[in-house]
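# Geometric and topological summary
For reference, the chains in residue letters:
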Amino acid sequence: MAVVKEGGAAPCGEGSGAYEDRRRQSLRARYAYGLVFFATNLLAWFVRDYGARALRGLHHVPVCGAGDSKCFESGGVLRVSLGCFIFFWLMFATTFGTRKLHEARNSWHSGCWILKFLVYVVSIGIPFIIPNIFIQLYGEIARLGAGIFLILQLISMLHFISWCNKRWMPDPGSNKCGLFGLFLSTICYIASFAGIGVLYFLYAPNSSCAFNIFTITWTAILVTIMMVVSLHSKVNEGLLSSGIMSSYIVFLCWSALHSEPQTGSCHSHMKIAKDGDWATIVSFIIAVCSIVIATFSTGIDTKSFQFRNDEVQLEEDTPYSYEIFHIVFAVGAMYFAMLFISWELNHPTRKWSIDVGWASMWVKIINEWFAASIYIWRLISPVLSRNQFVNDEGIVPRRPTV
């Protein structure tokens, strides 16, 4: 017998067991799409570094040209990225508005993998017959799309921090201790300040590294400001959320300095890896996995991007928003393209390198400062709103009687 919850009715013949099977299938589908995205990242790397030698047949394609690099190196990355974007945009368009597990579009999202594989192959192949001028135009648009992805990632991060704070930190008015939250806060701050010390050691070995010193010092100042604001009596946010955010911006600072071209005395202490060096390969693999994990974690966190999160989840409802999931992966395709070409459309690439260059460094630094600013504003905006409300109502606080 079908289970019917208040606010909705199950279709005739649909039992709770069938809904549970479809729900599990829908949740498993997320990992399949993640594997597709991971494989596309590897394909973009292969076309960039080895495509000109291994895919000689592409030289006979008119838009590629014989002995040209329009379909390889940076151009090849953009074409693979565009194909990935087309695939996930088609999935977005065909699953838009899917809300119930019994809909046909739910079956299309969670199954039909042979047909979707054919759609994927066609989507990847189409950009390799498109003239180069349109690929360059896509590259310009991809910069904007990658920026949108970073904003979505920040929203997901803030949502995760709020979830951690609500789960492991007690309410200000309660008598609970919250030992686990305090333990996590301590770990995060130890990692943050230790990380800042390591950054000084690695990227500011002498006083001539003025820019690196400024960047690291400003990061330390941001960490201190977030800690002080979160502990202010009017904010009373606690240390856990600011500790997690501090660790995040220290990571962004390290990532920015790591993307800085390794030239000059500020990198004299480090061995500049050559093409194919094992350390470079390991770093590259970690970077690719980080891209996939960042995209996947942002994509599955669809509730962070919904305007209403108070709706009752019914048995026949889809477990997450399919259109948000696919659009995140679509802009994620633009994001990985920018990382593979270091945010510069015609910049020469080096084998096994990823996200290295002055443009990449500045994108990460701005992302760090923007993330810290949004978090601080998130802390102080409720206090400012309360003060504004008091002023608008004309309420004058009473002076204490002597």
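Per an unreviewed UniProt entry, the chain goes by the name Serine incorporator and belongs to Urochloa decumbens. UniProt, in the comment section headed Sequence similarities (unreviewed entry), describes the chain in these words: "Belongs to the TDE1 family." Note on the chain: under the UniProt heading Subcellular location (unreviewed entry), the record states "Membrane".

### Let's talk about the pattern of salt bridges
The tally for this structure, following the rule as stated, stands at seven salt bridges. Here Glu20 ties to Arg24 by a salt bridge, and the two come within 3.8 Å at their closest N and O atoms. Remark: Arg24 and Glu20 occur in helix 1 (residues 16–54); sequence separation between them is four residues, near one turn of the helix. Lys100 is paired through a salt bridge with Asp317; the nearest N and O atoms lie 2.5 Å apart. Linking Lys100 in the loop between helix 2 (73–95) and helix 3 (104–110) with Asp317 in the loop between helix 9 (278–300) and helix 10 (322–340), this pair joins segments that are 217 residues apart in sequence. Its relative accessible area of 12% is what places Asp317 among the buried residues. One network of salt bridges, with partners in common, ties together Glu20, Asp21 and Arg24.

### Let's talk about the nonpolar core
Phe37, Leu78, Phe88, Tyr335, Phe336, Met338 and Phe340 are the most contacted members of the largest nonpolar core, which has 61 residues in total. For this core, the secondary-structure elements that each account for two or more residues are helix 1, helix 2, helix 4 (113–125), helix 5 (132–168), helix 9 and helix 10. The greatest single-element share of this core, amounting to 15 residues, is contributed by helix 10. Those residues in contact with Phe340, other than ones at most four positions away along the chain, are Asn41, Trp45, Arg48, Val77, Phe284, Val288, Thr349 and Ile354. Of all hydrophobic cores here, the second largest spans 32 residues; its members include Met157, Ile161, Met245 and Tyr248.

### Remarks on the side chain of Thr95
Along the chain, Thr95 falls in helix 2. Non-local contacts of Thr95, meaning those with residues more than four positions away in its chain, are made with Arg105, Trp108, His109, Tyr322, Glu323 and His326.

### Describing the packing of aromatic side chains
This model, assessed by the stated rule, comprises 28 aromatic pairs. Ring geometry for Trp45 and Tyr50: centres 5.8 Å apart, planes at 80°, overall edge-to-face. This pair shows no difference in class: Trp45 is buried, exactly as Tyr50 is. Seen from their ring centres, Trp89 and Phe92 are 4.9 Å apart, and the 40° between their planes marks the pair as tilted. Of this pair, Trp89 and Phe92 are both found in helix 2, three residues apart, which corresponds to roughly one turn of the helix. Grouping aromatic residues by their ring pairs yields a cluster made of Tyr33, Phe37, Phe87, Phe88, Trp113, Tyr120, Tyr320, Tyr322, Phe325, Phe329, Phe336 and Phe340. Here the guanidinium or amino end of Arg30 rests over the ring plane of Tyr320, the centre of that ring lying 5.4 Å away. Above the ring of Trp113, the side-chain terminus of Lys116 is found at 3.6 Å from the ring centroid.

Quick notes on the rules
Residues numbered from 1 in each chain as written. Predicted model: local features only at pLDDT ≥ 70, side-chain atom pairs only at ≥ 80, totals over all residues. Heavy atoms only, no water. UniProt positions renumbered as here; feature names shortened; annotations may be inferred. Salt bridge = Lys/Arg side-chain N within 4 Å of Asp/Glu carboxyl O. Helix = DSSP H or I, 4+ residues; strand = E, 2+ residues; numbered from the N terminus. Buried < 20%, exposed > 50% of the residue type's maximum accessible area, 1.4 Å probe, protein only. Core = buried A, V, L, I, M, F, W, Y, C linked by side-chain atoms within 4.5 Å. Contact = heavy atoms within 4.5 Å. Phe/Tyr/Trp six-rings, centres within 6.5 Å; stacked < 30°, edge-to-face > 60°. Lys NZ or Arg CZ within 6 Å of the ring centre and 35° of its normal.

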